[in-house]
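# Residue-level structure breakdown
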Amino acid sequence: MSAFTESEERLALRREVAKLAATYGREYFTRCAREGEKTTDLWLAIGKAGFLGANVSEQYGGGGGGIGDVAAVCEELAAQGCPLLMMVVSPAICGTVIERFGTEEQKHRWLPGICDGTSTMAFAITEPDAGTNTHNITTTGRRDGDEWVLNGRKVWISGIDEADHVLVVARVGDDRTGRVKPVLFVVPTDAPGFEATAIPMEIVSPEKQFQVYLDDVRLPADAVVGDEDGGLVQLFAGLNPERIMAASFSTGLARFALDRATAYVKEREVWGTPIGAHQGIAHPLAQSKIEIELARLMTQKAAALYDSGDDAGAGEAANMAKYAAAEAACDAADRAVQSHGGNGITQEYGVAGLLVAARAGRIAPVSREMILNFVGMHSLGLPKSY
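For the structure given in this document, a descriptive report is provided here. (Residues numbered from 1 in each chain as written. Predicted model: local features only at pLDDT ≥ 70, side-chain atom pairs only at ≥ 80, totals over all residues. Heavy atoms only, no water.)

With respect to the helices, strands and loops of the structure, Thr299 is situated in helix α9 (residues 279–307). A residue is classified by how much of its surface remains accessible, and Thr299, at 6% relative accessible area, is buried. Distance in space between the C-alpha atoms of Thr299 and Ile244 is 6.1 Å, their sequence separation being 55 residues. Thr299 has contacts with Ile244, Ala247, Ser248 and Ala321, leaving out every residue within four places of it along the chain. Engagement of the side chain of Thr299 in a polar contact is seen with the backbone oxygen of Ala295, the distance being 2.7 Å. (Helix = DSSP H or I, 4+ residues; strand = E, 2+ residues; numbered from the N terminus. Buried < 20%, exposed > 50% of the residue type's maximum accessible area, 1.4 Å probe, protein only. Contact = heavy atoms within 4.5 Å. Polar contact = N/O pair within 3.5 Å; in protein donor to acceptor, adjacent residues only side chain to side chain.)

Below, the structure is given as structure tokens:
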């Protein structure tokens with residue numbers, strides 16, 4: 001195997017996921033979104049097939065692979081028109097953090113359900129007044145005897161209505177140093193004092209975004225994941241996988257958009273010739289093909305670095321991959337709409353909805369501007385601007 005191609009096992013995984021996802025397809029996904037239904041059937045199907053927890057160890061019900069494997073699953077789902085946002089959250093962020101830092105009891109309690117799809121877990125870090133600055137979160141956890149009490153508010157939390165638990169990042173005071181530190185708590189979504197309100201969105205997706213309110217939510221001592229003093233190391237363990245998955249989500253969307261555009265311009269004829277023969281159509285689509293493959297290659301590099309234990313190298317590559325993939329997806333979606341002409345903004349052809357979905361990749365889970373800040377400061381050694 002050359003250094004720039006995936007293993008036969010990974011390629012076989014991609015083929016199997018694509019085959020399964022194709023039995024559902026874009027029409028299934030958009031129907032669920034427009035009718036207020038969930039993609040539970042597909043979620044449970046990929047769990048049953050062993051794809052959902054591809055990155056989790058076999059002893060906890062997973063596939064025993066790395067982040068590159070679950071990223072491949074995410075990409076192939078999106079490439080068939082079924083981009084599942086909770087793939088980024090439940091197995092990649094929560095599954096990674098719990099497997100790396102949880103107790104054996106926590107791993108056996110949470111990971112099998114994450115892997116088979118029967119116990120989805122959400123992730124709550126973003127707050128209305130903190131944005132990207134995780135040092136400014138105000139959700140607090142305090143001890144009360146043998147229990148913890150959580151208070152605060154979170155925003156842009158995906159899939160609360162699909163999750164029975166959420167991994168919440170809160171600030172806790174350190175009695176020894178007097179400083180505050182981030183601590184991770186697993187919170188049941190039906191806990192007293194836990195409330196969630198859906199945020200109306202323009203995006204066509206079955207997966208919703210929520211504001212979350214925590215009002216004196218009481219938790220047992222074992223709700224804390226990992227070492228209470230683990231701090232940012234544990235928190236950021238889930239963020240490189242998040243960026244790698246977001247990149248795969250975007251490249252999958254981009255591939256889907258490009259496939260739709262390519263199929264259309266081969267068949268659509270004007271003045272007796274397929275419009276794909278015209279360079280004004282062909283060149284932008286060829287450019288998208290190049291941009292997508294470049295982004296996919298960087299995503300694979302980021303996954304390989306992460307799976308090898310090189311967190312610093314993976315951080316740089318994951319940010320670059322996420323940036324490149326989001327740009328490629330936005331361009332591909334726009335070109336797909338343009339290639340379809342007026343048909344590009346109809347529901348029948350189903351490409352206009354990709355514009356908002358692809359555009360979200362430039363904002364979440366970290367904005368393109370913050371990635372450029374990261375590359376400027378860490379990769380180029382430029383002075384910090386904020």
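With that settled, consider the nonpolar core. Ranked by internal contacts, the top residues of the largest apolar core, which has 102 residues, are Met87, Phe123, Phe185 and Val187. No other element matches the twelve residues that helix α8 (residues 239–267) contributes to this core. If we skip the residues at most four places from it in the chain, Phe123 touches Val89, Ile93, Cys94, Ile157, Val166, Leu167, Val169, Leu235 and Leu239. (Core = buried A, V, L, I, M, F, W, Y, C linked by side-chain atoms within 4.5 Å.)

Take helix α11 (residues 353–360) next. The set of residues buried in α11 consists of Leu354, Ala357 and Ala358. Across the axial projection of α11, the buried residues extend over an arc of 95°, all falling on one side. Buried residues in α11 make contact with α2 (25–34), α8 and α10 (311–340). (Arc of directions from axis to C-beta.)

Evaluation of the coordinates by the stated rule reveals 31 salt bridges. Of the charged contacts, one joins Arg143 and Glu228 as a salt bridge, the two residues approaching to 2.3 Å between their closest N and O atoms. Remark: Glu228 occurs in the loop between β7 (209–220) and α7 (231–237) and Arg143 occurs in strand β2 (residues 140–144); sequence separation between them is 85 residues. Judged by its relative accessible area of 48%, Arg143 falls in the partly exposed class. The salt bridge partner of Arg296 is Glu293, with a shortest N-O separation of 3.4 Å. With a gap of three residues between them, Arg296 and Glu293 both fall in helix α9, about one helical turn apart. Look at Arg296 and you get buried, because its relative accessible area is 15%. Salt bridges sharing partners connect three or more residues here, namely Glu6, Arg10, Arg14, Asp69, Glu75, Glu76, Arg255, Lys289, Glu293 and Arg296. (Salt bridge = Lys/Arg side-chain N within 4 Å of Asp/Glu carboxyl O.)

Moving on to the pairing of strand β1 (residues 121–124). Within a regular strand, the side chains alternate between the two sheet faces. Of the two faces of β1, the one carrying Met121 and Phe123 and the one carrying Ala122 and Ala124 are both buried. Here four bridges tie β1 to strand β4 (residues 165–173), and the two strands are oriented parallel to one another. Bridge pairing links Ala122 to Val166 in β4. (Pairing = 2+ DSSP bridges.)

Bringing the packing of aromatic side chains into the picture now. Evaluated as defined, the whole model comprises three aromatic pairs. An angle of 65° between the planes, with centres 4.9 Å apart, marks the rings of Tyr24 and Tyr28 as edge-to-face. The partly exposed category is assigned to Tyr24, whose relative accessible area is 24%. (Phe/Tyr/Trp six-rings, centres within 6.5 Å; stacked < 30°, edge-to-face > 60°.)

The subject of this paragraph is the side chain of Glu207. One can find Glu207 in the loop between β6 (194–199) and β7. Nearest to the buried, unbridged Glu207 among oppositely charged side chains is Lys38, at 7.7 Å. The residues touching Glu207, leaving out its near neighbours within four places in the chain, are Lys38, Pro83, Leu84, Leu85, Met86 and Glu162. (Lys, Arg positive; Asp, Glu negative; His and termini not counted.)

A few words on the packing of α10 against helix α12 (residues 368–379). A packed helix pair is summarised by two numbers, namely the angle formed by the two axes and the spacing between the axes. At a minimum axis distance of 10 Å, the contact between α10 and α12 shows a crossing angle of 145°. α10 and α12 meet at a crossing whose hand is left-handed. Contacts between α10 and α12 involve Gly315, Glu316, Asn319, Met320, Lys322, Tyr323 and Glu327 from the former and Arg368, Ile371, Leu372, Phe374, Val375 and Ser379 from the latter. When its residues are assigned to classes, the contact of α10 with α12 shows six nonpolar, three polar and four charged. (Axes fitted to C-alpha atoms, helices over the stretch in contact; angles between N-to-C directions. Left-handed = near helix turned anticlockwise from the far one by under 90°. Nonpolar A, V, L, I, M, F, W, Y, C, P; charged D, E, K, R; others polar.)

Let's shift gears to the state of the cysteines. Summed over the entire model, instances satisfying the criterion amount to zero disulfides. Cysteine Cys94 remains unbridged, with the sulfur of Cys115 as its closest cysteine sulfur at 12 Å. The class of Cys94 is buried, set by a relative accessible area of 0%. The thiol sulfur of Cys330 is not disulfide-bonded, and the nearest other cysteine sulfur, from Cys74, lies at 16 Å. (Disulfide = S-S within 2.5 Å.)

Okay, the pairing of β2 next. The pairing of β2 with strand β3 (residues 147–158) spans five bridges and is antiparallel. Residue pairing across strands places Arg143 opposite Trp148, the latter belonging to β3. In this structure, the hairpin formed by β2 and β3 is closed by a connection of two residues, where Gly145 is found at a positive phi of approximately 65°.

What follows concerns the environment of Val169. Checked against the element boundaries, Val169 lands in strand β4. Of the residues examined, Val169 reaches a relative accessible area of 1% and is grouped as buried. A C-alpha to C-alpha distance of 9.8 Å links Val169 and Thr138, two positions 31 residues apart in sequence. Discounting residues that sit within four places of it in the chain, Val169 has contacts with Phe123, Ala124, Ile125, Ile137, Thr139, Lys154, Pro182, Val183, Leu184 and Leu235.

That's the geometry; what it means functionally is another story.
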